[in-house]
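Breakdown of the fold
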Amino acid sequence: MTAIGSILLLIATAMIAGRTARGAPTPSGSAPLTRIVVVHDPRAQDAYVPRPDLVRRMMDRAVIRWTGAPDLAAAWRSLVATGDVVGIKVHSVPGPIFGTRPAVVEALVRGLIESGVPPTNIVVWDKYLRDLEKAGFDDLARRHGVELAGAADAGYDPAVFYESPLLGTLVWGDLEYGQHQPGAGRKSHVTLLLTRRITRLIVVSPMMAHPEAGVTGLLYTLARGSVDNFQRFEGESARLARAVPEICALPPLADHLALCVVDGLLCQYLGGNRGLLHYSSELNEIRVGRDPVALDVLSLREIERQRRILGIAHPPVSRELYDNAALLELGISDPTRIEVITLND
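These remarks concern the structure in this document. A quick note: this is a predicted structure, and the numbers were derived from the prediction, not measured.

Glancing now at the environment of Ala 107. Turning to its location among the elements, Ala 107 is positioned in helix α4 (residues 102–114). In sequence terms Ala 107 and Arg 290 are 183 residues apart; their C-alpha atoms lie 18 Å from each other. Beyond its immediate sequence surroundings of up to four residues, Ala 107 is in contact with Val 55, Arg 56 and Met 59.

Topologically, Phe 137 is positioned in helix α6 (residues 137–144). Judged by relative accessible area, Phe 137 falls into the buried class, the value being 0%. Spatially, the C-alpha atom of Phe 137 lies 31 Å from that of Pro 70, the residues being 67 residues apart in sequence. With sequence-adjacent residues up to four places away left out, Phe 137 is seen in contact with Val 90, Ser 92, Thr 100, Arg 101, Pro 102, Val 105, Val 124, Leu 132 and Leu 148.

Moving on: helix α2 (residues 52–67). Residues three or four positions apart in an α-helix share a direction because the helix packs 3.6 residues into each turn. For α2, spanning 16 residues, the distance from its first C-alpha to its last is 22 Å, which sits close to the expected 22 Å at 1.5 Å a residue. By the burial criterion, the buried members of α2 are Leu 54, Val 55, Arg 56, Met 58, Met 59, Asp 60, Ala 62, Val 63 and Trp 66. Structurally, α2 contributes buried residues whose contacts are with β1 (34–40), β3 (49–50), α3 (72–77), α4, β11 (257–268) and β12 (280–289). Among the residues trailing α2, Gly 68 stands out with phi positive, at a value near 75 degrees.

What follows is about α6. Taken together, the buried positions of α6 are occupied by Phe 137, Leu 140, Ala 141 and His 144. End-on, the buried residues of α6 take up no more than an arc of 100 degrees, which puts them together on one face. Residues of α6 that are exposed and point over 90 degrees away from its buried face: Arg 142 and Arg 143. Looking at the buried positions of α6, the neighbouring elements they touch are α4, β5 (122–126), α5 (129–134) and β6 (147–150).

Okay, the pairing of strand β9 (residues 200–210) next. Counting buried residues along β9, eleven of its eleven residues qualify, which places the element largely inside the surrounding structure. Examined bridge by bridge, β9 and β11 share eight bridges and lie parallel to one another. Each residue of the ladder has a partner; that of Ser 205, found in β11, is Val 262. By the bridge criterion, two bridges tie β9 to strand β10 (residues 214–215) in an arrangement that is antiparallel. By the bridge assignment, His 210 is partnered in β10 with Gly 214. Taken together, β9 and the strand that follows it, β10, pair antiparallel across an intervening segment of three residues.

If you look at the biggest cluster of nonpolar residues, it comprises 58 residues, and the most contacted ones within it are Trp 125, Leu 219, Phe 230, Val 244, Ile 247 and Tyr 322. Top element by residues in this core is helix α12 (residues 292–309). It accounts for seven residues. One finds Leu 72, Leu 112, Leu 259 and Ile 341 within the second-largest nonpolar core, a separate group that totals 44 residues.

Per the stated rule, a full pass over the model turns up four aromatic pairs. Ring geometry for Phe 230 and Phe 233: centres 5.6 Å apart, planes at 70 degrees, overall edge-to-face. Across the pair, Phe 233 and Phe 230 agree in class, each one buried. Between Tyr 269 and Tyr 279 the ring centres are 6.3 Å apart and the planes differ by 65 degrees, which places this aromatic pair in the edge-to-face class. Residue Tyr 269 is found in the loop between β11 and β12, and its partner Tyr 279 is found in the loop between β11 and β12; the two are separated by ten residues along the sequence. A relative accessible area of 5% means that Tyr 269 is categorised as buried. Looking at Lys 89, its charged tip hangs above the ring of Trp 125, at a distance of 5.7 Å from the centre.

Our focus in this paragraph is the pattern of salt bridges. Per the stated rule, a full pass over the model turns up 16 salt bridges. The partner of Asp 60 in a salt bridge is Arg 56, and the shortest N-O contact between them spans 2.9 Å. Of this pair, Asp 60 and Arg 56 both sit in helix α2, four residues apart, which is roughly one turn of the helix. On the basis of relative accessible area, Arg 56 is assigned to the buried category, the value being 8%. Notably, a salt bridge pairs Arg 197 with Glu 147, separated by 2.6 Å at the nearest N-O pair. Taken as a pair, Arg 197 in helix α8 (residues 192–197) and Glu 147 in strand β6 lie far apart in primary sequence, 50 residues in all. Residue class for Arg 197 comes out partly exposed when judged on its relative accessible area of 30%. Through salt bridges with shared partners, a single ionic network connects Glu 285, Arg 287, Glu 302 and Arg 305.

Our focus in this paragraph is unusual backbone geometry. A positive phi angle, close to 50 degrees, is found at Asn 229, a residue other than glycine. Mapped onto the elements, Asn 229 comes out in the loop between α9 (218–226) and α10 (237–248). One non-glycine residue with positive phi stands out, namely Glu 329, at about 60 degrees. Of note, Glu 329 is situated in the loop between α13 (320–327) and β13 (338–344).

Here we take up the side chain of Ser 92. With respect to the helices and strands, Ser 92 occurs in the loop between β4 (86–89) and α4. Polar contacts involving the side chain of Ser 92 include one to the side chain of Asp 126, which spans 2.7 Å. In this structure, Ser 92 is in contact with Asp 126, Asp 131, Leu 132, Ala 135 and Phe 137, ignoring residues within four places of it in sequence.

Calculation criteria
Residues numbered from 1 in each chain as written. Predicted model: local features only at pLDDT ≥ 70, side-chain atom pairs only at ≥ 80, totals over all residues. Heavy atoms only, no water. Helix = DSSP H or I, 4+ residues; strand = E, 2+ residues; numbered from the N terminus. Contact = heavy atoms within 4.5 Å. Buried < 20%, exposed > 50% of the residue type's maximum accessible area, 1.4 Å probe, protein only. Expected span 1.5 Å × (residues − 1). Arc of directions from axis to C-beta. Pairing = 2+ DSSP bridges. Core = buried A, V, L, I, M, F, W, Y, C linked by side-chain atoms within 4.5 Å. Phe/Tyr/Trp six-rings, centres within 6.5 Å; stacked < 30°, edge-to-face > 60°. Lys NZ or Arg CZ within 6 Å of the ring centre and 35° of its normal. Salt bridge = Lys/Arg side-chain N within 4 Å of Asp/Glu carboxyl O. Polar contact = N/O pair within 3.5 Å; in protein donor to acceptor, adjacent residues only side chain to side chain.

Everything listed is a geometric property; what it means functionally is a separate question.
See below:
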C-alpha cells in the first residue's frame, strides 16, 4: 500500500471512531489556518520585464511580514542559519519570461547575502543546468558569486528514491539507464544536491497553467526537478496526483523546506507548458509562505479566475493532487483555512 493509501485508511478509521464517540467528526472550522503573504505593486514590470528594484522591495516586505521579524536580517535568520547551504529551486524550462524570473531569485539571493549567508553557500538549481543558463540564471550567478547546479548534472543517490509499480522508460541521465536488472525503471532517485549538499530549501515557481496538475506550481516543479525517471508520471492527472505528493514528502525534500515563493508577476491561464503572452495576465505579485499546498491552491484559483473574467470555457481541474498532499501533511488544501495577508505598494 502506498503512503497515500495508508493515510486514507487511517483517516477513515479515525472518522468512524469520531462519529461513534461524539456523533460527528470535528468541524473543519476549528482547524488552524495557514498564512500566506501577497505583495502587489502595479509598477513591478515594464512591458513584461521585471523592475529589479521594485521586485526586491516586494520580496523583502513579504519575507519580513510573513516571519513577523523586525527587519530583513532577522527575518532570514529565522529561516536559515549562516552555515546552511541554501538551495533555491526554480523552474527554468519555460525560459526567462514564463518560468521563474531571475529578478525574483536575485531578490532572494541579495537578501540572503546581506543577512550573512555566504554566496558560496547559495545554490540556484533546477533539473538541468542547460535550462538555467538559457533562462539567464548564469548572469545572476556570476554577479553574486553563487553556485548554479542541475539535479541531473549532479547525479542521483542510489540509496534514496521513490518507488512505484509504474514502469518508466529510462533515458540517458537516469541512474538506472542502461541497466537490465529486474525492477529497473520502477524507482525515481533523489538528486545528490538534496541528499548530500543542500541543508535548507527555498522553492520558487511561476504561476502557469498545467494540463494535468492544474498549475505548474511548487509541488509539481519540486517533484519534477528533484528525481530521475519522472516522465512516467506525466500525461495523466491521476498518476501525478499520487506521485507528486509522495515525492515531495520524501525527507530530503520535506524536512529541509524553509520557504515557498510564487512568482506571480505573470499569470498564464492557458497554453500548457508553452509560454504564451496572449494567454497571460500581469498580476505583479509576489506570494510567500511555507505551505506549498496552500500556495498552489491559490494559484489554481487565480488561473480559474482569469479564465472566468475572459469568458474562457475550460473543463474543471481535479484537486486530487492537492488533497493528497494535504493528507500527507504537506500543507492545507482547503481554501477556507488559508489566511491571505495582502500588502499593496
